[in-house]
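# Examining the three-dimensional arrangement
The chain contents come next:
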Amino acid sequence: MTDEQAVELATAELARIGLIDPAKVIDGVKVLVPKAYPMYDSKFETAVATIRSYLDRFDNLQTCGRNGLHRYNNQDHSMWTGILATLNILDGAQHDVWGVNTEAEYLEEGDLVEALLEFSAADAAPVDAVA
């Protein structure tokens, strides 16, 4: 969308949820930020499915975090996906990083978390250097 359309959309959305009086908006600016939060729209799920399908073709690729999963996660969930991705690489585990923050329960609880708290990098099998 154009800069003007983006400002109009932001103004309308902020007014709709009661944060601003649109009559008092005198100007706005659209700033494109690299690696910003993903935008959810009506085509979001289809777009992510396309991305996932493409990335799944690579055996030596592990995605994680907001940008790697194209999903808004809080910092805890983003770090959790990084931990799971690391375990997948170090131990050959099969943790589903795409499943983090998709369930009703809080994922930083449970047996896996307890096992990770006991995990030591010294216990992990050596990993060949990856370029």
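Residues numbered from 1 in each chain as written. Predicted model: local features only at pLDDT ≥ 70, side-chain atom pairs only at ≥ 80, totals over all residues. Heavy atoms only, no water.

## Concerning the overall build of the protein
Tallying secondary structure elements over the protein gives five helices and zero strands in all. Within the protein, the proportion of its 131 residues that are buried is 21%. The contacts in the protein between residues at least 6 apart in sequence include a share of 52% that link residues at least 24 apart. Split by element, the accessible area of the protein, about 10,100 Å² in all, is 55% carbon and sulfur. (Helix = DSSP H or I, 4+ residues; strand = E, 2+ residues; numbered from the N terminus. Buried < 20%, exposed > 50% of the residue type's maximum accessible area, 1.4 Å probe, protein only. Contact = heavy atoms within 4.5 Å. Areas by Shrake-Rupley, 256 points an atom, 1.4 Å probe, with all protein chains shown as cover.)

## Looking at the environment of G99
Mapped onto the secondary structure, G99 falls in the loop between α4 (75-91) and α5 (111-118). Residues G99 and T81 lie 18 residues apart in sequence; the distance between their C-alpha atoms is 9.0 Å.

## Details of unusual backbone geometry
With a phi angle near 55 degrees, H70 is a residue other than glycine that sits in the positive phi range. Under the relative-accessibility criterion, H70 is labelled partly exposed at 27%.

## A look at helix α1 (residues 3-16)
Over its 14 residues, α1 extends 20 Å from the first C-alpha to the last, a length consistent with the 20 Å expected when each residue adds 1.5 Å. Immediately downstream of α1, the backbone of G18 shows phi near 85 degrees, a positive value. (Expected span 1.5 Å × (residues − 1).)

## Looking at the confidence of the model for the protein
Summing up the model confidence of the protein, the mean pLDDT is 81 and the portion of residues at 70 or higher is 76%. The least confident element of the protein is α5, whose mean pLDDT is 66; the most confident is α1, at 93. (pLDDT = per-residue confidence, 0-100.)

## Describing the pattern of salt bridges
Following the criterion strictly, the structure yields one salt bridge and no others. Note that D3 and K30 form a salt bridge whose closest N and O atoms lie 3.7 Å from each other. Here the residue D3 occupies a position in helix α1, and K30 occupies one in the loop between α1 and α2 (44-55), the gap between them amounting to 27 residues. Using a relative accessible area of 41% as the deciding quantity, one classes D3 as partly exposed. (Salt bridge = Lys/Arg side-chain N within 4 Å of Asp/Glu carboxyl O.)

## Quick notes on the side chain of S78
Topologically, S78 is positioned in helix α4. Not counting the four nearest positions on each side in its chain, S78 is found in contact with G65, R66 and N73.

## Considering the nonpolar core
The biggest cluster of nonpolar side chains holds nine residues, and these are F44, V48, L69, W80, L84, A85, V97, W98 and V100. Breaking this core down by element, the ones donating at least two residues are α2 and α4. Looking at this core element by element, the count peaks at three residues for α4. Residues contacting L69, with those up to four places away along its chain left out, are V48, T63, C64, T81, V97 and W98. (Core = buried A, V, L, I, M, F, W, Y, C linked by side-chain atoms within 4.5 Å.)

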